[in-house]
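Breakdown of the fold
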Amino acid sequence: MKKTIVFILMICLVLGFSACEHKLVNTKTETNEKGIKSNSEYTFFETVADWPYYETAEELTDTATDVYIGKVKEISFVIIDRETNEPADINSVQGGESSALYTVYTVEITDSFKGEKKDEVKIKVNGGLPGYKEDEQYKLQESLGSSIIPVWDKNLEQLEIGSEYVFCTIHKYGSFEIIPSLYQFAFQIDSANAKAVLACIK
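Residues numbered from 1 in each chain as written. Predicted model: local features only at pLDDT ≥ 70, side-chain atom pairs only at ≥ 80, totals over all residues. Heavy atoms only, no water.

**Overview of the overall build of the protein chain**
Operational definition: Secondary structure elements follow DSSP: runs of H or I no shorter than four residues count as helices, runs of E no shorter than two count as strands, and numbering proceeds from the N terminus. The classification of residues rests on relative accessible area computed with a 1.4 Å probe and restricted to protein chains. Under 20% of the type maximum is buried, over 50% is exposed, and intermediate values are partly exposed. Any two residues whose heavy atoms approach within 4.5 Å at even a single point are treated as in contact. Accessible areas in this description were obtained via Shrake-Rupley with a 1.4 Å probe; residue shielding takes into account the shown protein chains only.
Scanning the protein chain for helices and strands turns up four helices and eight strands. Counting from the amino terminus, the protein chain carries its helices and strands in the arrangement α-β-α-β-β-β-β-α-β-β-β-α. The 202 residues of the protein chain split such that 40% are buried. Summarising the internal contacts of the protein chain: among those between residues at least 6 apart in sequence, 74% fall at separations of at least 24. When the accessible surface of the protein chain is summed, it comes to about 11700 Å², and 52% of that surface belongs to carbon and sulfur atoms.

**Quick notes on the environment of Pro 52**
As for its position among the elements, Pro 52 is in the loop between strand E1 (43-46) and helix H2 (57-63). Measuring from C-alpha to C-alpha, the distance between Pro 52 and Pro 180 comes to 7.6 Å, with 128 residues separating the pair along the chain. Ignoring any residue separated from it by four or fewer positions in sequence, one finds Pro 52 in contact with Pro 180, Ser 181 and Gln 184.

**Re the nonpolar core**
As a reminder of what qualifies: Nonpolar core, defined: a set of buried Ala, Val, Leu, Ile, Met, Phe, Trp, Tyr and Cys residues in which side-chain atoms within 4.5 Å join the residues together.
Core analysis: the biggest nonpolar cluster contains 29 residues, and Val 72, Tyr 105, Val 107, Ile 123, Leu 159, Phe 167 and Phe 185 have the highest contact counts within it. Per element, the largest residue contribution to this core is five residues, and it comes from strand E2 (residues 66-81). Those residues within four positions of Val 107 in sequence are excluded, and the remaining contacts are Tyr 68, Gly 70, Lys 71, Val 72, Asp 119, Glu 120, Val 121, Ile 123 and Phe 167. Counting 13 residues, the second largest nonpolar core, distinct from the first, contains Leu 60, Cys 168, Ala 196 and Val 197.

**A short note on the pairing of strand E4 (residues 99-114)**
Let me state the cut-off plainly: In this analysis, strands are considered paired if DSSP registers two or more bridges between them.
Bridging between E2 and E4 involves 14 bridges; their strand directions are antiparallel. Residue pairing across strands places Ile 80 opposite Ala 100, the latter belonging to E4. Pairing of E4 with strand E5 (residues 120-126), which is carried by seven bridges, proceeds in the antiparallel orientation. Opposite Tyr 102, over in E5, you have Asn 126 as the bridge partner.

Here's what the structure looks like:
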């Protein structure tokens, strides 16, 4: 009788833990299309990286040091020193291996759920952004001795100025927030993934 009760309790615990998991929807777009869509004269090059993918909101929010709702105020481009996580001196970075071009989203935080309370953050995302201030990106790449603008995924959904998202980021040191995954750091406020993240963090 006791064994039966213990067995039933174990099943209930397993089911209980499973029910607490909030699965994330895979939003990555798979395509065999080549090249970068851009109407400009500049050349964009898609680089390859093995970004992590988090199956559940719990895994993602455990990795993130900061979880918050925020509105995108500005999109800019910065050469950042990867070792210091600070803007690099563009007059001395040509050919330097520690500096690279990043897209930077300035975000006004409206509600915070995890991490240090801040009014505003700057989130860095590797590479450039086709179709937006390409002249600026090209000039920055020239300072690195290159005429090609790197892009990590040409099909990545772009964040929009004025729109609100649920963000999951990592802050270790320096001026910029780091993303845990290229595909899982910002979710539209009314999306299933945003709701899953908020449900497990609140």
